[in-house]
Amino acid sequence: MHYLIVGAGLWGSVMANRIASVLNQPVTVIDKRDHIGGNCHSALDDETGIECHRYGSHIFHTSLPQVWEYISRFSEFTSYQHKVFISCKGRVYTMPINLSTINAFYGKNFRPAEAAAFLKEEIARDAVAEPANLEEKAVSLIGRPLYDAFIRGYTHKQWEHDPRELPASIISRLPFRTTYNANYFNDVWQGVPRDGYFSLFQKLLDDPRITVRLNCDYESIRAQLSSDCMVIYTGMPDQLFNYKYGELEWRSLRFEWETLPVQDYQGTTVMNYADVEIPFTRIHEFKHYHPERQEPFALNKTVICREYSRTYARGDEAYYPVNNARNNELYARYAAEADKTPNLILGGRLGAYRYWDMDKAVADALHVFETKICPRENRS
Ligand SMILES: Cc1cc2nc3c(=O)[nH]c(=O)nc-3n(C[C@H](O)[C@H](O)[C@H](O)COP(=O)(O)OP(=O)(O)OC[C@H]3O[C@@H](n4cnc5c(N)ncnc54)[C@H](O)[C@@H]3O)c2cc1C
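Note that this is a predicted model, so its numbers are computed, not measured.

1. Focus on the site of the ligand
If you check the shell around the ligand, you find 32 residues, and the closest are Asp31, His58, Arg349, Trp356 and Met358. With respect to the ligand, the backbone of Lys32 contributes an N or O atom lying 3.1 Å from a nitrogen atom. Measuring from an oxygen atom of the ligand, one finds a backbone N or O atom of Trp356 at 2.6 Å. In isolation the ligand exposes 1,000 Å². Once the protein is present, 97% of that is buried. Those elements that provide at least two residues to the shell around the ligand are helix H1 (10-23), helix H12 (348-351) and helix H13 (358-379).

Structure, rendered in structure tokens:
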């Protein structure tokens, strides 16, 4: 059987690597973009030599030993530990909300137990027994002052809706830490590929049994495929079925790039902007992902990228699913249709209509390979 994988992102590339190296089968991987790596793609900026993540900052982090073992075969990772800062009313704080954020915001010098007791009172002041919207839910988790400062404006920009109009279910947790731990991720393993994501993907796909075709949309070759070709599709399910049950909703992003004549613009990789008057949600400054690359780091130039959130319209890149009841039901219909279609498997974060971090995408690809592809191969 010949395998066609639609999408050279992380999920599709892991699947191609497994089919070629474990099953010894030929695989063709196509992507409509002009590069491999999907949203994880990074490349050196021509002018500055700085490694830039083309679709927003990507930090690999996981607590899944099998994923870390597998991905480490294709790249060494640096010891980069992600920290996020947030600018609010002209001052900068650390995120997620921790003892440093709480003390700086309230002008206090609380110890952990004092901070916990203080926030309990803040929360009780606006307590809502059954939060009916995102704002009420957030206030019930962290209290109104912290919500107003750090969550309200940012959420408004992310969703282009007042948080009072958004369902409470969008947030299940809004953690605050009563320690000074300001690490963004709690995972056991974390870093960025020492030689960049492009090199990692080159190694994943470096197999004589794998053929990669870029600038190739599935629609343009669909009619020519033989009936015994096994299609593993990591694109949008509604598009695959010509929107026959309706359109799934997504959030999209716009990235505004700028090269500045300064050595260091913001002193860190990611600065969030909480205030609603500032139209973007965050600024990425990519040289900070690789302080070990001395030449581009010391250069008197830097590359930054402002990230804006927007509603998806056909033709945009779909970044985040909008997992409300309407869309989840619609997705279930497309997934059932895919299950009924011979020689078709939906995969990847688009195909699953889920937000997945990279480690979950790898774990899922490995799982689908073991549970769906290997049994078919054994039968044939
Ligand atoms: C802004 C942002 C930041 C993120 N940051 C992190 C992070 O820091 N850490 C982390 O772990 N995860 C992060 N993620 C998640 C990470 O990007 C995903 O886990 C990962 O990209 C999933 O890989 P994928 O292969 O499923 O999807 P994708 O990377 O989207 O790959 C799908 C590919 O399919 C191609 N395709 C789709 N339709 C067609 C078609 N019809 N024909 C041909 N090709 C097609 C697309 O062009 C694309 O290249 C982030 C995501 C976003 C949106």
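After that view of the structure, there is still more to cover.
2. Let's talk about unusual backbone geometry
With an omega of -5°, the peptide bond running from Met95 to Pro96 counts as cis. Mapped onto the fold, Pro96 is located in the loop between strand S7 (91-95) and helix H3 (99-106). Backbone geometry at Tyr243 places phi at a positive 55°, although glycine is not the residue there. Looking at the element boundaries, Tyr243 is found in the loop between helix H9 (237-240) and strand S11 (250-260). In this structure Tyr243 comes out as buried when scored by relative accessible area, which is 16%. The backbone phi angle of Asn343 is positive, close to 55°, even though this residue is not glycine. Inspection of the secondary structure assignment puts Asn343 in the loop between helix H11 (325-340) and strand S16 (344-346).

3. Points about the sheet that holds strand S2 (residues 27-30)
Sheets are built from strands paired through backbone hydrogen bonds, the pairs being either parallel or antiparallel. Spatially, five strands are ordered S9-S2-S1-S10-S16 in an open sheet, and the strand pairing comes out parallel. Edge strands, defined here as strands with exactly one partner in the open sheet, are strand S9 (210-213) and S16. Averaged over neighbouring strand pairs, the angle between their axes works out to 15° when direction is ignored. Here strand S1 (residues 3-6) pairs with strand S10 (residues 230-233) via four bridges, running parallel. Considered in S10, the bridge of Tyr3 is made with Met230.

4. Concerning the environment of His53
Summarising the element assignment, His53 is placed in strand S4 (residues 51-53). Dropping the residues within four chain positions of it, His53 is found in contact with His41, Ser42, His58, Tyr197, Trp257, Phe286 and Tyr289. Reaching out from His53, the side chain makes a polar contact with the backbone nitrogen of His58 at a distance of 2.9 Å.

5. What about the pairing of S10?
Alternating residues of S10 divide into Met230 and Ile232 and Val231 and Tyr233, and every residue in both groups is buried. Relative to S16, S10 runs parallel, the two sharing three bridges. Bridging from a neighbouring strand, Ile232 pairs with Ile345 of S16.

6. Points about the nonpolar core
The biggest cluster of nonpolar side chains holds 111 residues, and the ones touching the most others in it are Leu10, Met15, Ile19, Phe150, Ile232 and Ile373. The biggest single contributor to this core is H13, with nine residues. Excluding residues that lie within four positions of it along the chain, Ile232 makes contacts with Tyr3, Leu4, Ile5, Val6, Trp11, Met15, Ile19, Ile345 and Ile373. Residues Tyr273, Phe280, Ile304 and Tyr308 belong to the second largest nonpolar core, which totals seven residues.

7. Focus: the environment of Phe185
Among the secondary structure elements, Phe185 is positioned in the loop between helix H6 (144-159) and strand S8 (189-191). The class of Phe185 is buried, set by a relative accessible area of 17%. C-alpha separation for the pair Phe185 and His61, spaced 124 residues apart in sequence, amounts to 7.3 Å. If sequence neighbours within four positions are ignored, Phe185 has contacts with Ile59, His61, His82 and Gln190.

8. Quick look at the sheet that holds S7
With respect to topology, seven strands assemble into an open sheet ordered S7-S6-S12-S13-S14-S11-S15, the strand pairing being mixed. Two strands lie at the open edges of the sheet, namely S7 and strand S15 (320-321), each paired on one side alone.

9. Notes on H11
Over its 16 residues, H11 extends 23 Å from the first C-alpha to the last, a length consistent with the 22 Å expected when each residue adds 1.5 Å. Along H11, the residues that are buried comprise Asn327, Leu330, Tyr331, Tyr334, Ala335, Glu337 and Ala338. Projected down its long axis, H11 carries its buried residues within an arc of 155°, all on one side. In H11, the exposed positions angled more than 90 degrees off the buried face are occupied by Ala325, Glu329, Asp339 and Lys340.

10. Examining the side chain of Glu337
Mapped onto the elements, Glu337 comes out in helix H11. In terms of polar contacts, Glu337 uses its side chain to reach the side chain of Lys244, at 3.0 Å. With residues near it in sequence (within four places) discarded, Glu337 still touches Phe241, Lys244 and Tyr245.

11. What about the packing of H3 against H6?
Following both chains from N to C, one finds H3 and H6 inclined at 100°, their axes separated by 12 Å at the closest point. When the axis of H3 is compared with that of H6, the two are roughly perpendicular. Along its contact with H3, which presents Thr101, Phe105 and Tyr106, the element H6 presents Pro145, Leu146, Ala149 and Phe150. When the residues that make up the contact of H3 with H6 are grouped by side-chain class, the tally is six nonpolar, one polar and no charged.

12. Some words on the domain arrangement of the chain
When cut into domains, the chain gives domain 1 (3-81 + 188-249 + 321-379) and domain 2 (84-170). Measuring from the centre of the C-alpha atoms in domain 1 to the corresponding centre in domain 2 gives 35 Å.

Scoring rules and cut-offs
- Residues numbered from 1 in each chain as written.
- Predicted model: local features only at pLDDT ≥ 70, side-chain atom pairs only at ≥ 80, totals over all residues.
- Heavy atoms only, no water.
- Near = heavy atom within 4 Å.
- Polar contact = N/O pair within 3.5 Å; in protein donor to acceptor, adjacent residues only side chain to side chain.
- Areas by Shrake-Rupley, 256 points an atom, 1.4 Å probe, with all protein chains shown as cover.
- Helix = DSSP H or I, 4+ residues; strand = E, 2+ residues; numbered from the N terminus.
- Buried < 20%, exposed > 50% of the residue type's maximum accessible area, 1.4 Å probe, protein only.
- Pairing = 2+ DSSP bridges.
- Axes fitted to C-alpha atoms, helices over the stretch in contact; angles between N-to-C directions.
- Contact = heavy atoms within 4.5 Å.
- Core = buried A, V, L, I, M, F, W, Y, C linked by side-chain atoms within 4.5 Å.
- Expected span 1.5 Å × (residues − 1).
- Arc of directions from axis to C-beta.
- Parallel < 35°, antiparallel > 145°, perpendicular 65-115°, else oblique.
- Nonpolar A, V, L, I, M, F, W, Y, C, P; charged D, E, K, R; others polar.
- Domains from an automatic or database assignment.

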